[in-house]
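Now for the letters of each chain:
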Amino acid sequence: MAYLIQEQTRLLKSVRIIKAFYESRLEGPLELLDQPPVPVTEGDLAFSGVVTSFGLWGFRSPKPLTPELRREMSEMCDSLLGGIEALETKRQELERMQLHLERALNGTTPDNVISLRRRNPFVVNSPRFGLTSNRRFTLKRDCLIEGPSVDEIRKMAMELHSQGTRVALVDYSELAIHQRQSISQLLGLGSITLFVSNIVGLSLYEQEILRHVILQDTSNRPLLMVGSTGAYSDLRGDERIDTELLALLAKTYVKLTRPFSEYKEQGLIHYFLDSLSESPT
């Protein structure tokens, strides 16, 4: 029950972020519906997957949605909310596996099975064996992620976010220009992860705004994960870079010297999570 309440709370926060984002785009209110409307109008947009099982049906706009906007909103909702079903399935699988292992370790295996030795319980929580604990990290530190490509940087940012408690990951480039250039608008996004694919692509003014965001308490503001395909040593001498922002981001510096897949397969993501977390293990 506690798990369901936690997931419902996280889901509701994500929905509210999407709602606020599109209200600014539409310059008007969106109504959050908890059940199918009768009749369904051209301004209604239904959520997909298992989201409706949490008591959230979709959005209602007072005016019709264009096909382009409807498609965009559907993709946004699927991207930010669609992971709920996958997480629930994974949780159930892990619980079944945990129960099976506990029975084996407690000697409740069938009589015709001879146990040679007890397996080290640590293996149950080892990412190298494809299993992870239920622990989620409370990420508190903004970071700079240096990698060979934006794609590799994005994979690392998404993995770090997925292990944390932030309600949603939002791509900075998807925000409207007035949001990117407003401290209050960015702070209003709340406890999300804000991903910037390449710091060099930001204007100095946008970098200054982000610097002011970082100086605020991290608990109720976006956590920044900023990428760079260039070396940190080169960034320090680049005239396009706000050196104060760079210094703040570099307090937690993730440098990808090998493919992201290797970090994940070998369970090295944990060390990066520890450096971003308020409670290292």
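Scroll up to find the structure.
Computed from a prediction, not measured in an experiment: that's the story for all the values here. Counting from 1, residues in each chain are numbered in the order their sequence is written. Thresholds applied to this predicted model are a pLDDT of at least 70 for local features of residues and 80 or more for the giving and counting of side-chain atom pairs; totals over whole chains, interfaces and linings are not thresholded and use all residues. Think of the side-chain values as coming from all heavy atoms in the structure, minus any hydrogens and water.

Chemist: Could you give an account of the overall build of the protein, with specific residues and numbers?
Modeler: Of the regular secondary structure elements, the protein holds eleven helices and eight strands. Only protein chains enter the accessibility calculation, which uses a 1.4 Å probe; a residue whose area is less than 20% of its type maximum is buried, one above 50% is exposed, and one in between is partly exposed. Residues counted as buried form 40% of the 281 residues belonging to the protein. Residue-level accessible areas treat just the shown protein chains as cover; the underlying method is Shrake-Rupley with a 1.4 Å probe. For the protein, the computed accessible surface area is about 15,800 Å², with 52% contributed by carbon and sulfur atoms. Each helix is a run of DSSP H or I of at least 4 residues and each strand a run of E of at least 2, with the numbering of both proceeding from the N terminus.

Chemist: With reference to specific residues and values, describe the packing of aromatic side chains.
Modeler: The criterion for an aromatic pair is that two Phe, Tyr or Trp rings (for Trp, the six-membered ring) have centres within 6.5 Å, with stacked assigned to planes under 30 degrees apart, edge-to-face to planes over 60 apart and tilted to the rest. Following the criterion strictly, the structure yields three aromatic pairs and no others. Ring geometry for F21 and Y22: centres 4.9 Å apart, planes at 85°, overall edge-to-face. The same class applies to F21 and to Y22, which are both buried. Taking the centre distance of 5.1 Å and the plane angle of 85° together, the rings of F47 and F59 count as edge-to-face. Remark: F59 occurs in strand β3 (residues 58–60) and F47 occurs in the loop between β2 (44–46) and β3; sequence separation between them is twelve residues. Using a relative accessible area of 1% as the deciding quantity, one classes F59 as buried. Either the NZ atom of lysine or the CZ atom of arginine qualifies as a charge over a ring when it sits within 6 Å of the ring centre and within 35 degrees of the ring normal. Between the NZ or CZ atom of R258 and the centre of the ring of Y263, over which it lies, the distance is 5.5 Å.

Chemist: Before we move on, could you go through helix α7 (residues 204–214) and cite the residues and values that matter?
Modeler: An α-helix turns once per 3.6 residues; consequently, residues spaced three or four apart project the same way. Considered for burial, the residues of α7 that qualify are E206, Q207, I209, L210, R211, V213 and I214. Where α7 is buried, its residues touch α5 (177–180), α6 (183–187), β6 (193–196), β7 (223–228) and α9 (243–249). Contacts: residue pairs with any heavy atoms within 4.5 Å of one another.

Chemist: Let's hear about the pairing of β7: which residues, and what values?
Modeler: Of all the six residues making up β7, six are buried; the element is thus mostly covered by neighbouring parts of the structure. Judged by which residues are buried, β7 turns out to be covered on both faces: L223, M225 and G227 on one side and L224, V226 and S228 on the other are all buried. Note: two strands are recorded as paired if DSSP finds a minimum of 2 bridges between them. Note that strand β4 (residues 143–146) and β7 share four bridges and pair parallel. Paired with L144 across the two strands is V226, which belongs to β7. Here four bridges tie β6 to β7, and the two strands are oriented parallel to one another.

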